[in-house]
Amino acid sequence: MTENTQTTASKTARTKSTKSAAAKTALPNFEAFAMPNVEIPGAAREFAEKSIEQARDAYAKVKTAAEEATDLLEDTFQTTRQGTIDFNAKALDVAKANTDATFQLLKDLMGAKSVAEAIELQSSFARTQFETFTAQAKDMQEFSTKFATELSAPVKDAVEKSVKSFKAA
């Protein structure tokens, strides 16, 4: 069986070398495969050249538009990411301030000497928290408005630029 395997391997090697030698030999020029010398009319040549030039121009415009759209998306995502981080930090600050105020109220209530003092502490806390909540809501609204403006600015600029380019074309 070992001899048979060696014999098969040597036959395969000879067949491969024979095939590669035949592949390296150039085929003779057959007239059936030769391209005839045909004169292309000038109008057809001009049309083909114009078509190629228009295709190149269209490709350049599409490429530029795609690059601008990619830049726009990157800017928008970066603005969104940073705005979201800032908004969440601000929300955490608000929650911490409210929690601290509530714990301070509980501490003060535990030290109250009478029910009247406890009611006064509770009333004072409610007034203060209402004012604080109003200020916090206003601050969050202003931040949200600023964030939305910053987020929409690149998109607005891109749309204006596109409208101008369409009007020019």
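What counts, and at which threshold
For every chain, the first residue of the written sequence is number 1, and numbering continues from 1 onward in sequence order. Totals for whole chains, interfaces and linings use every residue, but because this is a predicted model, local features are given only for residues with pLDDT of at least 70 and side-chain atom pairs only at 80 or more, for both listing and counting. To obtain the side-chain values, all non-hydrogen atoms of the structure were used and water was disregarded. For the purposes of this entry, the term helix denotes a DSSP run of H or I that reaches at least four residues, the term strand denotes a run of E that reaches at least two, and both are numbered from the N terminus. Residue contacts follow a heavy-atom distance rule, with two residues in contact if any of their heavy atoms lie within 4.5 Å. The accessible surface values rely on the Shrake-Rupley method and a 1.4 Å probe; as for residues, cover is taken only from the protein chains in view. Note on scores: pLDDT gives the predictor's confidence for each residue, bounded by 0 and 100. For a helix, the expected span equals 1.5 Å multiplied by the residue count minus one. In this scheme, a residue with accessible area under 20% of its type's maximum is buried, one over 50% is exposed, and one in between is partly exposed, where area comes from a 1.4 Å probe on protein chains only. Patch definition: residues with relative accessible area over 30% and no salt bridge; like charges joined within 9 Å; nonpolar side chains (Val, Leu, Ile, Met, Phe, Trp, Tyr) joined within 5 Å. Salt bridges are identified by distance alone: a Lys or Arg side-chain nitrogen within 4 Å of an Asp or Glu carboxyl oxygen. Each polar contact in these results corresponds to two N or O atoms within 3.5 Å; when the atoms are within protein, one needs to be able to donate a hydrogen and the other to accept it, and residues that are neighboring in sequence are counted only if both atoms are side-chain atoms. Only four residue types enter the tally: Lys and Arg on the positive side, Asp and Glu on the negative side; His and the chain ends are excluded. Note that the charge is assigned to NZ on lysines, CZ on arginines, CG on aspartates and CD on glutamates.

Asks: Kindly report on the overall build of the protein chain, identifying the contributing residues and their values.
Replies: For the protein chain, the helix and strand inventory stands at three helices and zero strands. Reading the secondary structure of the protein chain in the N-to-C direction produces α-α-α. Taking all contacts inside the protein chain whose residues are at least 6 apart in sequence as the whole, residues at least 24 apart take part in 71%. Here the protein chain has roughly 14400 Å² of accessible surface; of this, 63% comes from carbon and sulfur atoms.

Asks: Describe the confidence of the model for the protein chain, and please don't skip the residues or the numbers.
Replies: In the predicted model, the protein chain carries a mean pLDDT of 81, and 76% of its residues have values of at least 70. Across the protein chain, the element-wise mean pLDDT spans from 51 in helix H1 (residues 2-24) up to 90 in helix H2 (residues 42-110).

Asks: Lay out H2 in plain terms, naming residues and giving numbers.
Replies: In this model, H2 (69 residues) spans 101 Å end to end at C-alpha, consistent with the 102 Å of a helix rising 1.5 Å per residue. For H2, the set of buried residues is Thr76, Gly83 and Leu105.

Asks: Outline a nonpolar patch on the surface, supporting the account with residue identities and numerical values.
Replies: A contiguous nonpolar patch, built from Val155, Val159 and Val163 and spanning about 210 Å² of accessible area, is present on the exposed surface. You can see Val163 is positioned in helix H3 (residues 115-168). Of the residues examined, Val163 reaches a relative accessible area of 40% and is grouped as partly exposed.

Asks: Explain the side chain of Thr76 to me, using residue names and the numbers behind them.
Replies: Turning to its location among the elements, Thr76 is positioned in helix H2. A distance of 2.8 Å separates the side chain of Thr76 from the backbone oxygen of Leu72, its partner in a polar contact. Once residues within four sequence positions are removed from consideration, Thr76 is found in contact with Leu151 and Val155.

Asks: Lay out the pattern of salt bridges in plain terms, naming residues and giving numbers.
Replies: Two side chains carrying opposite charge are able to pair once their charged atoms lie near each other. Summed over all chains, the structure comprises four salt bridges. Note that Asp100 is salt-bridged to Lys96, the shortest N-O span being 2.9 Å. One end of the pair is Asp100 and the other is Lys96, both in helix H2 and four residues apart, which spans about a single turn. Here Lys146 makes a salt bridge to Glu150, at a shortest N to O gap of 3.9 Å.

Asks: So what about a negative patch on the surface? Which residues, and what values?
Replies: On the surface, a cluster of negative charge is contributed by Glu67, Asp71, Glu74 and Asp75. For Glu74, the position within the fold is in helix H2.

Asks: Explain the side chain of Gln136 to me, and be specific about the residues and the numbers.
Replies: With respect to the element layout, Gln136 can be found in helix H3. For Gln136, a relative accessible area of 12% puts it in the buried group. If sequence neighbours within four positions are ignored, Gln136 has contacts with Val94, Ala97 and Asn98.

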